[in-house]
Amino acid sequence: MTQLIQYASLMPAPWKNGGGSTTEIAVSPPGAGFDDFDWRASLATITQDGPFSVFPGIDRTLALVDGDGVLLDFGDERVVLSPSEPLIEFAGEDTVHATVTGANTTDFNVMTRRGRCRHRLEVCAVRGTLELNRRASTTLLFLADGESLSVSSARERIAMVRYDMLVIESEQAWSLEAAQATVFVVDIINN
C-alpha cells in the first residue's frame, strides 16, 4: 500500500511554550497520540529559543529543512544543526535546549518508540532518476527541497511537491525522478 500525504492539507499546531509549531505528517498506528504511537513524522518550525519536549523511550532524528539552523544544548554537549551538519539523532528523554541561530528554522522530525521499532534516515540528492533501495517494510519519502518529485513503480506513478510525504508499505521496486530534489528516505524497522 502507498499513501501520499499532501502537506498543503495539514494544519500546524502551536507549541505549548510558544516557541514554534509542529505539523504532524504521519503517525502509526493512525490516530495515535504522544503516549501510544509506534512512529511519528512531523515538520517543526522553531521561532524562538526554548526547551524541547521530553519523550521518554523514544528515539529521535532531526533533519534541517530550511533556515540557518539551531544550536542544541544537551547540558554536557552542544551541537549545531546547520546546512553543513543537517542531521542529529538523540534520545527523547534527553534534556535539550534550542537556540535559534538566525531566522526561523524548519526541521523534519522522526520519532520511534524503543522496543517496538527503530528508524534510519538518509538524505538523498535526486538529479535525474534514482532507484530506491528499500531496507524495511515501511519507507517514508519526504520531499525536503525541490519543486517536484515523481515516484514510480510498475503499477503507480505519484507526483509530489515540496514537503509532501509518501508512505510505502508495498514490496514493489520504486524509482525517484526530479530535475533536482533533496529527499529524506526513512526506513521504519519493526523489532
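Refer to the structure above for everything that follows.
Residues numbered from 1 in each chain as written. Predicted model: local features only at pLDDT ≥ 70, side-chain atom pairs only at ≥ 80, totals over all residues. Heavy atoms only, no water.

Caption draft 1: Spotlight on the sheet that holds strand β9 (residues 87–91). With antiparallel pairing, six strands are arranged side by side in an open sheet as β2-β3-β4-β11-β6-β9. Where the open sheet ends on each side, the last strands, each with one partner, are β2 (13–14) and β9. Direction of pairing for strand β4 (residues 39–46) relative to strand β11 (residues 105–113): antiparallel, over a ladder of eight bridges. The residue bridging Ser42 from the neighbouring strand is Asn109, located in β11. (Pairing = 2+ DSSP bridges. Helix = DSSP H or I, 4+ residues; strand = E, 2+ residues; numbered from the N terminus.)

Caption draft 2: Quick peek at the packing of aromatic side chains. One pass over the structure, following the stated rule, counts eight aromatic pairs. Between Phe74 and Phe90, the aromatic rings sit 5.5 Å apart at their centres with planes inclined by 70°, giving edge-to-face as the arrangement. Within this pair, whereas Phe74 is found in the loop between β7 (70–73) and β8 (78–81), its partner Phe90 is found in strand β9, the two being separated by 16 residues in sequence. Through a chain of ring-to-ring contacts, the aromatic side chains of Tyr7, Phe108, Phe142, Tyr163 and Phe184 assemble into a single cluster. Over the aromatic face of Phe37 sits the side chain of Arg113, whose NZ or CZ is 4.7 Å from the ring centroid. (Phe/Tyr/Trp six-rings, centres within 6.5 Å; stacked < 30°, edge-to-face > 60°. Lys NZ or Arg CZ within 6 Å of the ring centre and 35° of its normal.)

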